[in-house]
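The chain contents come next:
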Amino acid sequence: SAAKIMLKFYKLLGNLFDMSWWAQIIGEKLGLYKWARNSKFRKWQEGLTGWKFWTWQIVGGIMFVVIIEFILNKIGMTMLPWR
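So, here's what we can say about the structure. (Residues numbered from 1 in each chain as written. Predicted model: local features only at pLDDT ≥ 70, side-chain atom pairs only at ≥ 80, totals over all residues. Heavy atoms only, no water.)

1. A word on the side chain of Ser39
Next up, step 1: Within the secondary structure layout, Ser39 lies in the loop between helix 3 (32-37) and helix 4 (40-46).
Next up, step 2: Among the polar contacts made by the side chain of Ser39, one reaches the main-chain carbonyl oxygen of Ala36 at a distance of 3.3 Å.
Next up, step 3: One polar contact links the side chain of Ser39 to the main-chain amide nitrogen of Arg42, over a distance of 3.1 Å. (Helix = DSSP H or I, 4+ residues; strand = E, 2+ residues; numbered from the N terminus. Polar contact = N/O pair within 3.5 Å; in protein donor to acceptor, adjacent residues only side chain to side chain.)

Right, dumping it as structure tokens:
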């Protein structure tokens, strides 16, 4: 019916402008999701428990923020609200 055709059209139109949809297609097509699922780093991280897990989360998160902030500062941007 006409309503089903219009619904399919609107879903297609929505997907064309949805970055998540494109990321899903590209990730599956290039095998990036499979590569990430089988990585040694992921297996190591998922094996952490207790204080090691929390230390990794906090220290790794702070390192990530510092590195990204450094890169952004080089191009004249920041992600910190007080700068």
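2. A look at the packing of aromatic side chains
Next up, step 1: For the structure shown, the criterion picks out six aromatic pairs.
Next up, step 2: Relative to Trp56, the ring of Phe41 has its centre 5.7 Å away and its plane inclined at 70°; by these criteria the two rings are edge-to-face. With a gap of 15 residues between them, Phe41 in helix 4 and Trp56 in helix 5 (residues 50-74) connect regions that are remote in the sequence.
Next up, step 3: Judged by relative accessible area, Phe41 falls into the partly exposed class, the value being 47%.
Next up, step 4: Judged by centre distance (5.1 Å) and plane angle (80°), the ring pair of Phe53 and Trp54 falls under edge-to-face.
Next up, step 5: Its relative accessible area of 29% is what places Phe53 among the partly exposed residues.
Next up, step 6: Assessed through its relative accessible area of 54%, Trp54 is described here as exposed.
Next up, step 7: Joined through ring pairs, the aromatic side chains of Phe41, Trp44 and Trp56 make up one cluster. (Phe/Tyr/Trp six-rings, centres within 6.5 Å; stacked < 30°, edge-to-face > 60°. Buried < 20%, exposed > 50% of the residue type's maximum accessible area, 1.4 Å probe, protein only.)

3. Quick word on helix 5
Next up, step 1: For helix 5, which comprises 25 residues, the first-to-last C-alpha distance of 37 Å matches the rise-based estimate of 36 Å (1.5 Å per residue) to within 8%.
Next up, step 2: Within helix 5, the full set of buried residues consists of Gly60, Glu69 and Leu72.
Next up, step 3: Taken from the residues just after helix 5, Gly76 is the one with a positive phi, measuring 80°. (Expected span 1.5 Å × (residues − 1).)

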